[in-house]
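# Structural overview
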Amino acid sequence: MKAGFVLDLSSYLNDIYRCTSRDDLDEVLIETFESIGATALSGYTFPFGGAASTRQLPILSTWPESVRSAYRQQMAGDDPIMYAAMTLGMPVHFLTLESSLDFNDRGTSVLDVMRAAGFHDGVTTPVYSKPGDFAYFVAAFEEERPDLTQADLRRIKFLFSEYFYRLRELETVRMDTLSRRELQVLVAMVHDKSNTEIARLLGVSEHTVGTYVRRCFEKLNVHSRTQAVLRFVGAGTMKIPPLEP
């Protein structure tokens, strides 16, 4: 059994802040957690200061699809582990918390799926990039980890916090590269407007709108309208402005 873990937090910070892309940032986080025995990670953000019961936006997940699917269908929005972490405002250790949590049948079925996939322990924590912009992260272990100390839980929160803060910095930089017209088109996509409706609103051709959409995708490093909207809403840098021609 491992006796806690040792981390070079200074090296981690240097690695995180050398990252200039989302892919590099994710790689540093995943490799660091693998070094302490965590083999699955996930993170969700709650935009614009929404409560934990509001729509959760995914940041990352390395869970097997069986677990992701079970969580989305059975426990998302009704997760007692998440509520415990959010209520306490601090990292919580599943092994020491499980007996005190009230899982309904759906929650119990999700835990069964997690254990069937080989995960038997985890640490969950809220993190904040700034007031009103917070997220919920999970690090899962294949074995029970009674060795984890409160200091270890704080280190885990630190890893996620610095990742989240750097992610927001990178997303803000990408938003700053959008032109006024590109931002207008992106806002219209957030409002679920089609290219035809956007063209009519802005007084331009659909071909021109298509060009702006492609430029948004390139600058935000995404490949679909859904990803672009999630990147914009999840950036937490601004509230969604009204549609204006």
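Notes on the structure in this doc start here. (Residues numbered from 1 in each chain as written. Predicted model: local features only at pLDDT ≥ 70, side-chain atom pairs only at ≥ 80, totals over all residues. Heavy atoms only, no water.)

## Looking at the environment of Asp-78
Mapped onto the secondary structure, Asp-78 falls in the loop between helix H3 (65-75) and helix H4 (80-88). Not counting residues within four places of it along the chain, the set of residues in contact with Asp-78 comprises Tyr-83, Asn-104 and Arg-106. (Helix = DSSP H or I, 4+ residues; strand = E, 2+ residues; numbered from the N terminus. Contact = heavy atoms within 4.5 Å.)

## Describing the pairing of strand S5 (residues 133-141)
In terms of burial, S5 is largely enclosed, as 9 of its 9 residues are buried. The two faces of S5 match: Asp-133, Ala-135, Phe-137, Ala-139 and Phe-141 on one face and Phe-134, Tyr-136, Val-138 and Ala-140 on the other face are all buried. Note: strand S1 (residues 38-46) against S5, 8 bridges, orientation antiparallel. Looking at S5, one finds that Gly-43 is bridged to Phe-137. Taken together, the 9 bridges between strand S4 (residues 121-130) and S5 define a ladder with antiparallel strand orientation. Within S5, the position partnered with Val-123 by the bridge is Ala-139. Linking S4 to S5, which pair antiparallel, is a turn of 2 residues; within it Gly-132 sits at a positive phi near 90°. (Buried < 20%, exposed > 50% of the residue type's maximum accessible area, 1.4 Å probe, protein only. Pairing = 2+ DSSP bridges.)

## Focus on the sheet that holds strand S3 (residues 92-93)
Spatially, the 5 strands line up as an open sheet ordered S2-S1-S5-S4-S3, and their pairing is antiparallel. Each edge of the sheet is formed by a strand with only one pairing partner; in this case those strands are strand S2 (57-61) and S3. In this structure, S3 lies alongside S4, joined through 2 bridges in antiparallel fashion. Within S4, the position partnered with His-93 by the bridge is Val-123. Along the sheet face, helix H2 (residues 22-35) touches S1, S2 and S5 and points at about 130° away from the line of S1. Against the sheet, H4 touches S1, S3, S4 and S5, its axis set at about 130° to S5. (Axes fitted to C-alpha atoms, helices over the stretch in contact; angles between N-to-C directions.)

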